[in-house]
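Per-entry structural report
Here's the letter readout for the chains.
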Protein chains: 2
Amino acid sequence: MRESEKEIVRSLPLFSGMAPDHFEIMLKGSFLQKFPATVVLFSEQDHTDFLHVLVDGQVELFANANNREGTMTLIKPVATFVLASALADGAYQLSARTLQTSQILMIPAENIREVMALDSDFAQKTIVELAECYHGVVRAYKNIKLRTAVERLANYLLVQNRRQGDNDGLVLPVEKRTLASMLGMTPENLSRAFNTLKPYGVVIDGAEISLNNLSDLETLAKPSAHIDAN
Amino acid sequence: MRESEKEIVRSLPLFSGMAPDHFEIMLKGSFLQKFPATVVLFSEQDHTDFLHVLVDGQVELFANANNREGTMTLIKPVATFVLASALADGAYQLSARTLQTSQILMIPAENIREVMALDSDFAQKTIVELAECYHGVVRAYKNIKLRTAVERLANYLLVQNRRQGDNDGLVLPVEKRTLASMLGMTPENLSRAFNTLKPYGVVIDGAEISLNNLSDLETLAKPSAHIDAN
DNA sequence: CGACGATTTGAATAGGATCAATGGGAGTGG
DNA sequence: CCACTCCCATTGATCCTATTCAAATCGTCG
């Protein structure tokens, strides 16, 4: 693993502020792996002893049941995933596939536990990270339970617009069918939802979306600090 | 706080095995409070510095958005709740109300952090508890995203049947309207879902449900170890 | 160019919500 | 003890949202 890659990992809030020797203990036995796009990394029923860090690329976490499949979340670099599984019983709860060529750092869960015992500051950060993962799922759960498909899309657009610099527009970071699955609808329904938003100033050109009437869109979306992420 | 009540709290996996003096540190400044039924304990936007332990009674966690309300989960004694909020930023993500007269122990979050630093075994248990909370929400999220209302009800009945001793029947632990909200449907739709399940051996008599054809019900429900809790 | 998959559109259907009305229990007060 | 009230639960009718199936269009890439 190159120094530059180490620095990328170290820049995560979870690892920043960690003593260098603790960081080295953690990386002992870790390995950085490169995967092509569209590869299934693991399945719900699998078992893991590694914390994963997506260093580069894009990963989709999804689940299957009753012959249906749904995207649960999208991971963008740099971020950890399956933290809870690695720290608890080791059972993945979700399947994962790469959406793009991706580099993933695998850290033995045992190392995490070892450093947590040595470094109570890191233990605290791990707790906070885990708590944030929890809140993330709670948000997603509220989103799908309390909003209609059009509302979910409208709020998604508002969040992306904010993240991409408040330029009254955004570029979709994933294919529309993946977005549809993440928002809990079919691709056909996503297409119709976009049409429904046209009167609210939403103009679609492939993956590029313009938002020409934010205030109307917000009136429809009713964004909530308790559901929508930053 | 009585010794008998302390023992109840101590019986939780999170606190069992904790050294007595650590347990006392944790309880310092804690208080046990009694609430009548139908009382809102806190709201989504509130802020907390306490871990809550439901010692007796029943509590519903719910959320509001767009003039809608939905039950997120039901807490039954003895269990902790809002662990993630207490340990992280202190923001509740959910509102809570009592469904019955309830006794709740409030433990200062600061105490938890203090004992975690002293006792790495407790820190590890806290992590595991938090990871299990996370997995619980992921299960709920998959449940609502991948199953229809009838399937969710069928699986709920199978889980309750198992929990209540595999006696081909069960007693609903909550009012049907609360169950409906928890399963993500209207009371009317729950009523119809029960009717849909009649051909599968489901007989309803108030809160008492008989399951007279488990194998057909399972065929419909397609229970999954990755969604349904134990 | 041709093939393949993603996206969009249309039509029909299903799942679920809403509105309205009725039945049924539990609790209250006379 | 009984009547009354209130809220929960059920049923019917209708509407709306979203899925399914089918077909056409668009884009990308070899």
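Let me begin by describing the structure that accompanies this report. Each chain carries its own residue numbering, running from 1 in the written order of its sequence. Chains and ligands are labelled by the order in which they are written, letters from A for the one and numbers from 1 for the other. A pLDDT threshold of at least 70 governs which residues receive local features in this predicted model, and a stricter bar of 80 or more applies before side-chain atom pairs are shown or counted, although totals over entire chains, interfaces and linings include all residues. Side-chain metrics in this entry use all non-hydrogen atoms of the structure; hydrogen atoms and water are not considered.

Examining the environment of B:Leu27
All names here are of chain B. Where helices and strands are cited, they refer to DSSP runs of H or I of at least four residues and of E of at least two residues respectively, numbered from the N terminus. In this fold, Leu27 is placed in helix H2 (residues 20-27). Sequence separation between Leu27 and Pro108 is 81 residues; the distance between their C-alpha atoms is 8.2 Å. Look past the residues within four positions of Leu27 in its chain and what remains in contact with it is Met1, Lys6, Leu105, Ile107 and Asn111. We call two residues contacting when some pair of their heavy atoms lies within 4.5 Å.

Thoughts on the side chain of B:His135
Tracing the sequence through the fold places B:His135 in helix H5 (residues 120-146). Any pair of N or O atoms that falls within 3.5 Å is considered a polar contact. Within protein, one atom must be able to donate a hydrogen and the other to accept it, and sequence-neighbouring residues count only if both atoms are side-chain atoms. Separated by 3.4 Å, the side chains of B:His135 and A:Ser85 make a polar contact. Among all residues touching B:His135, those that are not within four sequence positions of it are A:Ala84, A:Ser85, A:Asp89, A:Ala91 and A:Gln93.

Observations concerning the nonpolar core
Counting 99 residues, the largest nonpolar core has A:Phe15, A:Met26, B:Phe15 and B:Met26 as its most contacted members. Of all the elements, H5(B) adds the most residues to this core, at 12 residues. With residues up to four places along the chain from it excluded, the contact list for B:Phe15 reads B:Val9, B:Arg10, B:Phe23, B:Met26, B:Leu51, B:Val53, B:Thr80, B:Ile107 and B:Phe122. As used in this record, nonpolar core signifies buried Ala, Val, Leu, Ile, Met, Phe, Trp, Tyr and Cys residues forming a set joined through side-chain atoms within 4.5 Å. Note on classification: 1.4 Å probe, protein chains only; a residue is buried when its accessible area is under 20% of the maximum for its type, exposed when over 50%, partly exposed between these limits. Judged by nonpolar contacts, the second largest core, of 25 residues, contains A:Ala154, A:Leu157, A:Leu158 and A:Met185.

Things to note about the protein's contact with DNA strand C
For this description, a residue counts as near a given molecule or strand if any of its non-hydrogen atoms is within 4 Å of it. In the neighbourhood of DNA strand C, 15 residues make up the surrounding shell, with A:Lys176, A:Arg177, A:Arg192, A:Asn195 and B:Ala149 lying closest. Here DNA strand C approaches the protein such that, of its atoms within 4 Å, sugar and phosphate make up 64%. Here a sugar or linking oxygen of DNA strand C sits 3.2 Å away from a polar atom, N or O, in the side chain of A:Ser191. A:Arg192 has a polar side-chain atom sitting 2.5 Å from a base nitrogen of DNA strand C. If you tally residues by element for the surface near DNA strand C, the top one is helix H8 (residues 187-197) of chain A, at 4 residues. Polar here means any residue outside two lists: the nonpolar Ala, Val, Leu, Ile, Met, Phe, Trp, Tyr, Cys and Pro, and the charged Asp, Glu, Lys and Arg; Gly therefore counts as polar. Grouping the constituent residues of the surface near DNA strand C by class yields 2 nonpolar, 6 polar and 7 charged.

Considering the protein's contact with DNA strand D
Close to DNA strand D lie 15 residues; A:Ala149, B:Lys176, B:Arg177, B:Arg192 and B:Asn195 are nearest. Within 4 Å of the protein, the contacting atoms of DNA strand D are 63% sugar and phosphate, with bases supplying the remainder. B:Ser191 places a side-chain nitrogen or oxygen 3.2 Å from a sugar or linking oxygen of DNA strand D. Those elements giving two or more residues to the surface near DNA strand D turn out to be H8 of chain A together with helix H7 (176-182) and helix H8 (187-197) of chain B. In terms of residue class, the surface near DNA strand D is built from 2 nonpolar, 6 polar and 7 charged.

Quick word on the interface of chain A and chain B
Taken together, the contact pairs 49 residues of chain A with 49 residues of chain B. Take the accessible area each of two parts loses on contact, using a 1.4 Å probe, and add the two losses: that sum is the buried area. Counting the surface chain A buries against chain B, the share from its top three residues, A:Gln93, A:Tyr141 and A:Leu146, is 16%. Definition used for salt bridges: Asp or Glu carboxyl oxygen within 4 Å of a side-chain nitrogen of Lys or Arg. Across the chain A-chain B interface, the total number found is 4 salt bridges. We note a salt bridge from A:Arg68 to B:Glu151, for which the minimum N-O separation is 2.8 Å. Counting across the chain A and chain B interface gives 18 residue pairs in polar contact (both at pLDDT 80 or more). Broken down by secondary-structure element, the contributors of at least two residues to the side of chain A that touches chain B are strand S4 (59-65), strand S5 (68-75), helix H3 (83-87), helix H4 (109-118), helix H5 (120-146) and helix H7 (176-182) of chain A. With 18 residues, H5(A) is the single largest residue contributor to the side of chain A that touches chain B.

Section: the relation of the copies chain A and chain B
C-alpha atoms of residues with pLDDT of at least 70 in both copies form the basis for the least-squares superposition of the copies. Structural alignment of chain A on chain B gives an RMSD of 0.0 Å, achieved by rotating through 180° and translating 0.0 Å along the axis. Such a turn and shift between the copies fits a two-fold axis. Taken as a fraction of all interface residues of chain A, those also at the interface in chain B reach 100%, which identifies the copy contact as same-surface.

Some remarks on the pattern of salt bridges
For the coordinates displayed, the defined rule picks out 23 salt bridges over all chains. Members of the salt-bridge network, linked through shared partners, are A:Glu3, A:Lys6 and A:Glu24.

Observations concerning the pairing of strand S7 (residues 95-98) of chain A
Residues and elements named next belong to chain A. Because side chains alternate across S7, one face comprises the buried residues Ser95 and Arg97, and the other comprises Ala96 and Thr98, equally buried. Strands are treated as partners if at least two bridges between them are detected by DSSP. Inspection of the sheet shows strand S2 (residues 40-42) paired to S7 by 2 bridges, in the antiparallel sense. Counterpart to Val40 in the pairing with S7 is Arg97. As paired elements, S4 and S7 share 4 bridges and run antiparallel to each other. The residue bridging Leu61 from the neighbouring strand is Ala96, located in S7.

Side note on the environment of B:Glu129
Residue and element names in this part refer to chain B. Note on placement: Glu129 falls in helix H5. Separated by 18 residues in sequence, Glu129 and Asn111 have C-alpha atoms that sit 17 Å apart. Not counting chain neighbours up to four residues away, the residues in contact with Glu129 comprise Leu14, Thr80 and Leu83.

So, the side chain of B:Arg147
Within the secondary structure, B:Arg147 sits in the loop between H5 and helix H6 (149-163). Residue B:Arg147 is classed as buried on the basis of its relative accessible area, which comes to 4%. In terms of polar contacts, B:Arg147 uses its side chain to reach the side chain of B:Asn143, at 2.9 Å. A polar atom in the side chain of B:Arg147 sits 2.8 Å from the side chain of B:Asp228. Every residue in contact with B:Arg147, bar those within four places of it in the chain, is listed here: A:Asn66, A:Arg68, B:Lys142, B:Arg152, B:Asn155, B:Ala221, B:Lys222, B:Pro223, B:Ser224, B:Ile227 and B:Asp228.

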